[in-house]
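# Working through the structure, step by step
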Amino acid sequence: METKTHGYRVGSNEEWLDALPAGEDLDKLIKRARRHIEPWLSAVFQAEHLNLLVGSGFSMAVAGLADVDGAGMGFNDLGTTHDVQIRAHATKGAEAMGRGAPNIEDQIRSTLVLLEALNLLGDGNAADLRTKLDKRLVEFLQAILNMEAGIVSADEEHWKAAVFALQSFLLSFASRSSSRERLHAFTTNYDRLVEYGCDLAGLRVIDRFVGTMEPVFRSSRLDVDYHYNPPGIRGEPRFMEGVLRFSKLHGSVDWHLDQRTRRIIRRGIGFGAKDARAVPDSPVETVMIYPNAAKDVETTAYPYAELFRDLAAALCRPNAALVLYGYGFGDDHINRILSDMLSLPSTHLVVFVYALDDRVKRFLKNVDRPAQLSLLVGSHFADLRQIVDHYLPKPAIDQITGRMAELLKSRQPLRDDKKEAEKEDPEIAVLIGTKKEAP
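Residues numbered from 1 in each chain as written. Predicted model: local features only at pLDDT ≥ 70, side-chain atom pairs only at ≥ 80, totals over all residues. Heavy atoms only, no water.

## With respect to the overall build of the protein
Here is the rule: The helix count covers DSSP runs of H or I at least four residues long, the strand count covers runs of E at least two residues long, and both are numbered beginning at the N terminus. Think of it in three bands: residues with accessible area under 20% of the maximum for their type are buried, residues over 50% are exposed, and the middle band is partly exposed, with areas taken using a 1.4 Å probe on protein chains only. It only takes one pair of heavy atoms within 4.5 Å for two residues to be counted as in contact. Per-residue and other accessible areas follow the Shrake-Rupley method at a 1.4 Å probe size, with only the shown protein chains counted as cover for residues.
Looking only at helices and strands, one finds 16 helices and 16 strands in the protein. Sorting the 439 residues of the protein into buried and exposed places 49% on the buried side. Considering only intrachain contacts with a sequence separation of at least 6, the fraction spanning at least 24 residues in the protein is 73%. Summed over its atoms, the accessible surface of the protein is roughly 22,100 Å², and 51% of this surface lies on carbon and sulfur atoms.

The following block contains the structure:
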């Protein structure tokens, strides 16, 4: 499959460019590409099982629209005597996962392995290492909250741009007919941008947490949903619109491990909270971010085992579609599920990516399922604002347009002269089929 820096491939249509045009040529490209991409995505979004997975690139895109720096995932040494060993172990793990350079997740994972070893040996350096790890986690969590706070406090123009793109993006996926299965959205991010966007857009979220004051993560996977009783009808509740299922695969900044009950709870932390109490002084044992910081093996697998079972169950079934945005294919455990998904011929994967780097190319080569893959590549076709403005389906359950088209077609035989219809309104003529849209 030959690709270039910018371009797309959806169905049987594709176009690739070494560089983006400017001015009128760019407008022509957008119009030409929209004619292929928007109908194709509209069809994909009507799949029996629709899923969405957003990675760190999604948070960076929204933060960029708000003119705010995103929370970095870089590897910063802790300042201990074991930094060299930690970096070597993290690098080895990152290479094994196909990620390349290690990030903070690899650093935390390697540090926790070393911390357990020092505790086992009764080494006095364990306390210092724990203190340094706590400090690094506090910095990381505070950076996430600072990004959220920056979006909330951005000036009017940038805030509106970020919020519009965030809401429109989510609504395009969640605006499914209530008779179809709910959208299931997944994220590897620790921030609350998806939740924030759902609140602004009025979307109702179903996850594994149950409760009001401090919702508790429950292992029971029940098909809980939202219904309403239409007027004049008793005993026939209907599904509500604007509902989605949501899973945070790597945890969240507001997930905590309650030391007394050993349960995962979600504590109320305001979006972009600047209160110092929002981040505990010692998050190693309490804040549940991936990789989990708890000591025992049983808790290490919980709750992430349940979340990844949800991911596999949602994707690996016939007639499932998944849209990836901002995911860099650096998590091998997710890549394996994606490969298993594509082993079913009726599944489809849509990938928005800024660049076809080695990790993306390696995945595409390994799965080797071009007929089940749609690609949108480059700074234009993977730009969040451009996607929302030009290529995503209309963020609404649009039944009015369909009914209008049916009404106009039913009236078509009453018109003696079809050419007269074209003269009256060319757009309606296209809609009722008396005139084909120009290519």
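## A closer look at the nonpolar core
The test is simple: To qualify as a nonpolar core, a set must consist of buried Ala, Val, Leu, Ile, Met, Phe, Trp, Tyr and Cys residues joined through side-chain atoms within 4.5 Å.
With 51 residues, the main nonpolar core has Ile37, Phe58, Phe169, Phe173, Tyr325 and Leu384 as its most contacted residues. It is helix H6 (residues 156-174) that contributes the most residues to this core, seven residues altogether. If sequence neighbours within four positions are ignored, isoleucine 37 has contacts with Tyr8, Val10, Leu376, Phe381 and Tyr391. Within the second largest apolar cluster, 36 residues are counted, among which are Trp16, Leu315, Tyr327 and Leu373.

## Some thoughts on the confidence of the model for the protein
Here is the rule we go by: How sure the predictor is of each residue is captured by pLDDT, a score from 0 to 100.
For the protein, per-residue confidence averages 85 on the pLDDT scale, and residues scoring 70 or more make up 88% of the total. Predicted confidence for residues 292-299 stays below pLDDT 50, and this span has 19 contacts to residues more than four positions away or in other chains.

## Looking at the layout of surface pockets
Picture a little ball the size of a water molecule; that probe, rolled over the atoms, points out where space is still empty. As a reminder of what qualifies: In this analysis the probe radius is 1.4 Å and the grid spacing 1 Å, with only protein atoms considered; a cavity is a set of points the probe fits into but cannot get out of, a pocket is an open set with protein on both sides within 12 Å along at least five of seven lines, and lining residues have an atom within 4 Å of a point. Grid points are joined across faces, edges and corners, and a volume is the space filled by probe spheres set on the points. Put simply, Ala, Val, Leu, Ile, Met, Phe, Trp, Tyr, Cys and Pro go in the nonpolar bin, Asp, Glu, Lys and Arg in the charged bin, and everything else, Gly too, in the polar bin.
A volume near 1,000 Å³ is recorded for the largest pocket. Along its surface, the largest pocket is lined by 43 residues, and Val205, Ile206, Asp207, Arg208 and Phe246 are the ones closest to its centre. Counting residues per element, the ones that place at least two in the lining of the largest pocket are helix H7 (193-201), strand S5 (204-206), strand S6 (209-210), strand S10 (243-248), strand S11 (251-257) and helix H9 (304-315). When residues of the lining of the largest pocket are assigned to their parent elements, the largest contribution, four residues, is made by S10. Across the lining of the largest pocket, the residue classes tally to 18 nonpolar, six polar and 19 charged.

## Focus: the environment of glycine 79
When you line up the elements, glycine 79 lands in the loop between helix H2 (56-65) and helix H3 (83-96). Glycine 79 sits 53 residues away from lysine 132 along the chain, and the two C-alpha atoms are 7.4 Å apart.

## Points about the packing of aromatic side chains
What counts here: Between 30 and 60 degrees the pair is tilted, below 30 it is stacked and above 60 it is edge-to-face, where a pair is any two Phe, Tyr or Trp rings, Trp via its six-membered ring, whose centres lie within 6.5 Å. A ring is scored as having a charge over it whenever the NZ atom of a lysine or the CZ atom of an arginine sits within 6 Å of its centre and within 35 degrees of its normal.
What the rule picks out here adds up to 15 aromatic pairs. One aromatic cluster is present, formed by Phe45, Phe58, Phe169, Phe173, Tyr325 and Phe352 through successive ring pairs. A cation sits over an aromatic face here: arginine 204 above tyrosine 226, 6.0 Å from the ring centre. Between arginine 266 and the ring centre of phenylalanine 209, over which it is positioned, the NZ or CZ distance is 4.6 Å.

## Things to note about the sheet that holds strand S4 (residues 183-187)
So the rule is basically this: Strand pairing is assigned whenever DSSP identifies at least 2 bridges connecting the two strands. Here the axes come from fitting lines to C-alpha atoms, over the contacting stretch only for helices, and the angles between their N-to-C directions go from 0 to 180 degrees.
Taken in spatial order, the nine strands make up an open sheet running S2-S1-S16-S15-S14-S3-S4-S10-S5, and their pairing is mixed. Looking at the sheet topology across the chains shown, the edges are occupied by strand S2 (13-17) and S5. On average, each strand axis in the sheet is inclined to that of its neighbour by 20 degrees, with strand direction left out of account. Those strands touched by helix H10 (residues 332-342) are strand S3 (49-54), strand S14 (320-325), strand S15 (348-353) and strand S16 (373-377), and its axis lies near 145 degrees from that of S14.

## Re the environment of aspartate 67
Mapped onto the elements, aspartate 67 comes out in the loop between H2 and H3. Considered as a pair, aspartate 67 and alanine 154 are 87 residues apart in the sequence and their alpha carbons are 7.5 Å apart.

## Here's the deal with the pattern of salt bridges
So the rule is basically this: By definition here, a salt bridge exists when the distance from a side-chain nitrogen of Lys or Arg to a carboxyl oxygen of Asp or Glu is within 4 Å.
Counting across every chain of the model gives 20 salt bridges. For aspartate 106, the salt bridge goes to arginine 109, with nearest N and O atoms at 3.0 Å. Of this pair, aspartate 106 and arginine 109 both sit in helix H4 (residues 104-121), separated by three residues, roughly a single helical turn. The partner of glutamate 139 in a salt bridge is arginine 136, with the nearest N and O atoms 3.9 Å apart. With glutamate 139 and arginine 136 both in helix H5 (residues 125-152), this residue pair falls three residues apart, about one helical turn. Bridged by salt links that share partners, the residues Glu148, Arg192 and Asp254 form one connected network.

## Comments concerning the pairing of S2
Where strand S1 (residues 6-10) lies against S2, five bridges are found, and the strand directions are antiparallel. Note that in S2 the partner of valine 10 across the bridge is asparagine 13.

## Details of the side chain of arginine 192
Where we set the bar: Nitrogen and oxygen atoms within 3.5 Å of one another constitute a polar contact, given that in protein one can donate a hydrogen and the other can accept it, and given that sequence-neighbouring residues count only through two side-chain atoms.
Relative to the helices and strands, arginine 192 is located in the loop between S4 and H7. Reaching out from arginine 192, the side chain makes a polar contact with the backbone oxygen of glycine 270 at a distance of 3.0 Å. When neighbours within four sequence positions are excluded, arginine 192 is seen to be in contact with Leu145, Glu148, Lys248, Ser252, Val253, Asp254, Ile269, Gly270, Phe271 and Gly272.

## Considerations on H10
Spacing of three or four residues puts side chains on the same side of an α-helix, whose turn is 3.6 residues. Residues of H10 that are buried: His333, Ile334, Asn335, Ile337, Leu338, Met341 and Leu342. Where H10 is buried, its residues meet S3, H9, S14, S15, helix H11 (358-367) and S16.

## Section: unusual backbone geometry
Positioned with a positive phi, aspartate 67 is a non-glycine residue whose angle comes to about 60 degrees. Exposure remark for aspartate 67: the relative accessible area of 58% places this residue in the exposed category. For aspartate 368, which is not glycine, the phi dihedral falls at a positive 50 degrees. As for its position among the elements, aspartate 368 is in the loop between H11 and S16. A relative accessible area of 57% means that aspartate 368 is categorised as exposed.

## Here we look at a negative patch on the surface
Threshold: Each patch is built from salt-bridge-free residues with over 30% relative accessible area, joining like charges within 9 Å and nonpolar side chains (Val, Leu, Ile, Met, Phe, Trp, Tyr) within 5 Å. The sign given to each residue is positive for Lys and Arg and negative for Asp and Glu; His and the chain ends receive no count. Positions of charges follow a simple convention, taking NZ of Lys, CZ of Arg, CG of Asp or CD of Glu.
Together, Asp67, Asp69, Asp155 and Glu157 make up a negatively charged patch on the protein surface. Looking at where aspartate 69 falls in the secondary structure, it is placed in the loop between H2 and H3.

## Examining H3
Where we set the bar: Expected helix span is taken as 1.5 Å per residue step, with the number of steps being one fewer than the number of residues. To obtain the arc, one takes the directions from the helix axis to the C-beta atoms.
The end-to-end C-alpha separation of H3 is 20 Å, in line with the 20 Å expected for 14 residues at 1.5 Å each. Every buried residue belonging to H3 is among Asp83, Ile86, Ala90 and Ala94, and all of these are buried. Along the axis of H3, the buried positions cluster into a sector of 60 degrees, meaning they face one direction only. For H3, the exposed residues set more than 90 degrees away from the buried face come down to Val84, Lys92, Glu95 and Ala96. Summarising the contacts, the buried residues of H3 are in contact with H4 and H5. Two residues or fewer past H3, glycine 98 is found with a positive phi of approximately 80 degrees.

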